Amino acid sequence: MKHLLILFALTSGLLAQQAPSALYVSKNASVTLYSEAPMENIEGSSTDGKSVYNAATGELAFNVAIRSFKFQKSLMQEHFNENYMESDKYPQASFKGTINEKPDVKVNGSYPVTATGVLDVHGVKQQRTIKGKLNVNNGKITITSEFMVKCADHKIEIPKLVFQKIAETLKITVTANYTAYNKNPTN
Amino acid sequence: MKKVCIVLAMLLACHTLKAQTDTSSADAIMSSLSADDKHEDVIATFKATRLIFTQTTETVKKHNLNFLVTHRFGDIAGSEGGGSTLYGLDNSSDIFIGFEYGLTDNLDLQFGRSKFEQLIEAGFKYAVLHQKADDSMPFSLALAGKAGLKPYSVNTDVFDDYTNRLNYMAQAIIARKFSSSFSLLISPTFVRNNLPFPFINGNEKDYIALSAAARYKFTKRLGIVVDYAHPFSSFRNNSTNPKFYDPLGVGLEVETGGHVFTLNFSNAKAISEMNYLSDTESSWGKGQYRIGFTISRMFDLGPKNKNKKQSNY
């Protein structure tokens, strides 16, 4: 039993030691989607994106809840959740990958970057390389990106029997502000 | 030996953690940040504010206007049906034109007019409770109320004053979305006809009815709906001339983005609750069922934003 306790102590010590130093967190990243359609433009936005960026390894994780997207028209919002994204089955869209350039976040500046990884939308994973921009301003990081998502790539069905025609490609715009991750959160 | 095993397992766990270094803690942060908010409302229990007969728990959202056209044709079979009336298509048992406007996301106002008894009605529906994804609230509840006026003397000559022409209905609608494809509702209803309708000796002014309806979607936009109602009225249950039957309808519901279209078969001739609950004298068994349809079109009358948001980028 004694040995076990010692090991416990050791283990927890190890865990504490490897508390990350280069982690940056964004808790309310904005994500907008936009598509021009013949009858009316589709436009929705969320300010509830979550992201973690590891400046040492370049690893980037991004998540947004589908239900957090708000639309001007309530019916459009319902159809977005119910008919297209099936948010009860696939509640989140995510990206998990690596920023290839790994800019030095100690130096202020604006760096064009590319992130390679897996984009998971509507439960369908796609390998993607997405262009963006990483800004550093006194320890604060902002990542912005604009990219296209093809509905067909993610098995988002566009039925023929819809009067309001919907574009097959959506423009996604992401803006995420990161702050250094607090190692000892209050909880 | 057991102890050693535990120790080994722990050491192993320790090493795996070490090997993953920052990634695992990044994942941990990520999952703690984006824990699913299961407390949110379940949406779209039904696609429309009405099924075949009954109202659903869906209300028209703020600043939206729902325009409804509902039609019931004549008997398909039986003495009034058959080829000579093109299976009832030559006749219209009832036509209903209605509007529903959302004052808030939970409260709408309703207005409509039926061919059946020339009933003009005004009412409201209020969504009181919303089913939650985590089942902290397992069902949705809406309350509906309506007052109707029959301005013209139709079948009776006893409309001596306007109070005799008034009818009321109050309804509680309880619904649950069991899965993305299956939703069920039951609704107890109270009906009051100031003059018993139909106007027959022994008929009651007040009675209670119970409706049950379900929707099963077999594609995202196509579903089967079944709608049934039973009035708990001893007069209606015991009367032999005329004989009353419980309204029963089956239909197909198609959503086409903005429109919801329901094609149905029902024995009830009337469309308004105050009419079909009070007076359904036609029977499936006698061929007195009909084709019916509902077209529901939602208009968004809310303030437009002129895509100015895009200029941010």
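Just above, that's the structure.
Here goes a summary of the coordinates provided. (Residues numbered from 1 in each chain as written. Chains lettered and ligands numbered in written order. Predicted model: local features only at pLDDT ≥ 70, side-chain atom pairs only at ≥ 80, totals over all residues.)

**Let's talk about the overall build of chain A**
Then step 1. Across its full length, chain A holds two helices and nine strands.
Then step 2. Out of the 187 residues belonging to chain A, those deemed buried represent 32%. (Helix = DSSP H or I, 4+ residues; strand = E, 2+ residues; numbered from the N terminus. Buried ≥ 20, exposed ≤ 12 C-beta atoms within 10 Å, placed from the backbone.)

**Description of the overall build of chain B**
Then step 1. On a plain count of helices and strands, chain B comes out with four helices and 12 strands.
Then step 2. Across the 313 residues in chain B, those meeting the buried criterion constitute 37%.
Then step 3. Contacts in chain B between residues at least 24 apart in sequence constitute 58% of all its contacts with a sequence separation of at least 6. (Contact = placed C-beta atoms within 7 Å.)

**Comments concerning the sheet that holds strand S10 (residues 248-255) of chain B**
Residue and element names in this part refer to chain B.
Then step 1. The strand order around the closed barrel formed by 12 strands is S1-S2-S3-S4-S5-S6-S7-S8-S9-S10-S11-S12, and the pairing between neighbours is antiparallel. Within the sheet, the average angular offset between the axes of one strand and its neighbour, ignoring direction, is 20°.
Then step 2. Both S10 and strand S11 (residues 259-266) contribute to a ladder of seven bridges, which runs antiparallel. Counterpart to Gly 251 in the pairing with S11 is Asn 264. (Pairing = 2+ DSSP bridges. Axes fitted to C-alpha atoms, helices over the stretch in contact; angles between N-to-C directions.)

**Structural notes on the pairing of strand S12 (residues 290-300) of chain B**
Residues and elements named next belong to chain B.
Then step 1. In this structure, strand S1 (residues 64-73) lies alongside S12, joined through nine bridges in antiparallel fashion. Of the residues in S12, the one forming a bridge with His 71 is Phe 293.
Then step 2. As paired elements, S11 and S12 share eight bridges and run antiparallel to each other. The residue bridging Ser 266 from the neighbouring strand is Arg 290, located in S12.

**A word on the nonpolar core**
Then step 1. If you look at the biggest cluster of nonpolar residues, it comprises 39 residues, and the most contacted ones within it are Tyr 24, Val 52, Tyr 53 and Ile 141 of chain A.
Then step 2. Tyr 53 of chain A has contacts with Tyr 24, Leu 60, Ile 141 and Tyr 178 of chain A, leaving out every residue within four places of it along the chain.
Then step 3. By size, the runner-up hydrophobic cluster in this structure holds 30 residues, among which are Ala 48, Ala 144, Leu 185 and Tyr 276 of chain B. (Core = buried A, V, L, I, M, F, W, Y, C linked by C-beta atoms within 7 Å.)

**Topic: the environment of Asn 100 of chain A**
Residues and elements named next belong to chain A.
Then step 1. Within the secondary structure, Asn 100 sits in the loop between strand S5 (92-99) and strand S6 (109-121).
Then step 2. By C-beta crowding, Asn 100 is classed as exposed, having 11 other C-beta atoms within 10 Å.
Then step 3. Between the C-alpha atom of Asn 100 and that of Ser 45, which follows or precedes it by 55 residues, the distance is 27 Å.
Then step 4. Among all residues touching Asn 100, those that are not within four sequence positions of it are Gly 58, Thr 114 and Thr 116.

**Things to note about unusual backbone geometry**
Then step 1. Backbone torsion omega between Phe 197 of chain B and Pro 198 of chain B reads 0°, so that peptide bond is classified as cis.
Then step 2. Within the secondary structure, Pro 198 of chain B is located in the loop between strand S7 (182-193) and strand S8 (206-217).
Then step 3. Between Asn 241 of chain B and Pro 242 of chain B the backbone carries a cis peptide bond, its omega angle lying at 0°.
Then step 4. Relative to the assigned elements, Pro 242 of chain B resides in the loop between helix H3 (234-238) and S10.
Then step 5. In this model, Glu 86 of chain A sits at a positive phi of 45°, which is unusual for a non-glycine residue.
Then step 6. Relative to the assigned elements, Glu 86 of chain A resides in the loop between helix H2 (74-84) and S5.
Then step 7. The class of Glu 86 of chain A is partly exposed, set by 18 C-beta atoms lying within 10 Å.
Then step 8. With a phi angle near 65°, Glu 117 of chain B is a residue other than glycine that sits in the positive phi range.
Then step 9. As for its position among the elements, Glu 117 of chain B is in the loop between strand S3 (107-114) and strand S4 (120-129).
Then step 10. Using a count of 25 C-beta atoms within 10 Å as the deciding quantity, one classes Glu 117 of chain B as buried.

**Section: the pairing of strand S8 (residues 140-150) of chain A**
The side chains of a regular strand alternate, first on one face of the sheet and then on the other.
Residues and elements named next belong to chain A.
Then step 1. Two elements, strand S7 (residues 124-137) and S8, share six bridges in a ladder whose sense is antiparallel. In the sheet register, Val 136 faces S8, and the bridge partner there is Ile 141.
Then step 2. Remark: two residues form the turn of the hairpin made by S7 and S8, two consecutive strands paired antiparallel; Asn 138 in that turn has positive phi of roughly 50°.
Then step 3. Judged from the 10 bridges that link them, S8 and strand S9 (residues 169-180) form a sheet pairing that is antiparallel.

**Let's talk about the environment of Asp 88 of chain A**
Residues and elements named next belong to chain A.
Then step 1. Residue position: Asp 88 is located in the loop between H2 and S5.
Then step 2. Among the residues examined, Asp 88 registers 17 C-beta atoms within 10 Å and is labelled partly exposed.
Then step 3. For Asp 88 and Ile 66, which are 22 residues apart along the polypeptide, the C-alpha to C-alpha distance reads 9.1 Å.

Everything listed here is a matter of geometry and, on its own, says nothing about what the molecule does.
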